[in-house]
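Structural characterization, general
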Amino acid sequence: MENYSIWADLLHTFRMMSDGVKISLIYMPCVFALGFAGLYLHHLRRAKKAESPDSKPYMILPPDKLLRREPEDARARALRKLDAYIAAADRPRKE
């Protein structure tokens, strides 16, 4: 009786496979590992996303209170209204 070697049997089986199956056996574990690592890193980035402070975005607007008794410009008034509208739209709505 000959000595049986499982490794020789596996190598013979691998040699007899078609090229497409060989390629998938070699590359699929790598693709799976890279996909898993990508999903895990995406999850970590989403879970530990830093909460931004509740601050107004940087805009170049005239000051809210005028230092002198000058009439307020209509363009500045329109910009303030637009700024208030955008700030109200950014707030989460209570339902």
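My aim in this report is to walk through the structure given alongside it, one point at a time. (Residues numbered from 1 in each chain as written. Predicted model: local features only at pLDDT ≥ 70, side-chain atom pairs only at ≥ 80, totals over all residues. Heavy atoms only, no water.)

1. Some points on the packing of aromatic side chains
The full count for this structure, using the stated rule, is zero aromatic pairs. It is Lys22 that lies over the ring of Phe14; its NZ or CZ is 5.8 Å from the centre. (Phe/Tyr/Trp six-rings, centres within 6.5 Å; stacked < 30°, edge-to-face > 60°. Lys NZ or Arg CZ within 6 Å of the ring centre and 35° of its normal.)

2. What about a nonpolar patch on the surface?
Nonpolar side chains collect at one region of the surface, where Ile23, Ile26, Tyr27, Met28 and Val31 lie side by side and expose about 520 Å² of accessible area between them. Secondary-structure assignment places Ile26 in helix 2 (residues 19-47). (Patch = residues over 30% accessible without salt bridge, like charges linked within 9 Å, V, L, I, M, F, W, Y side chains within 5 Å. Areas by Shrake-Rupley, 256 points an atom, 1.4 Å probe, with all protein chains shown as cover. Salt bridge = Lys/Arg side-chain N within 4 Å of Asp/Glu carboxyl O. Helix = DSSP H or I, 4+ residues; strand = E, 2+ residues; numbered from the N terminus.)

3. Regarding the environment of Ser24
Mapping Ser24 onto the fold places it in helix 2. Within the local environment of Ser24, its side chain forms a polar contact with the backbone oxygen of Val21, the two atoms lying 2.8 Å apart. (Polar contact = N/O pair within 3.5 Å; in protein donor to acceptor, adjacent residues only side chain to side chain.)

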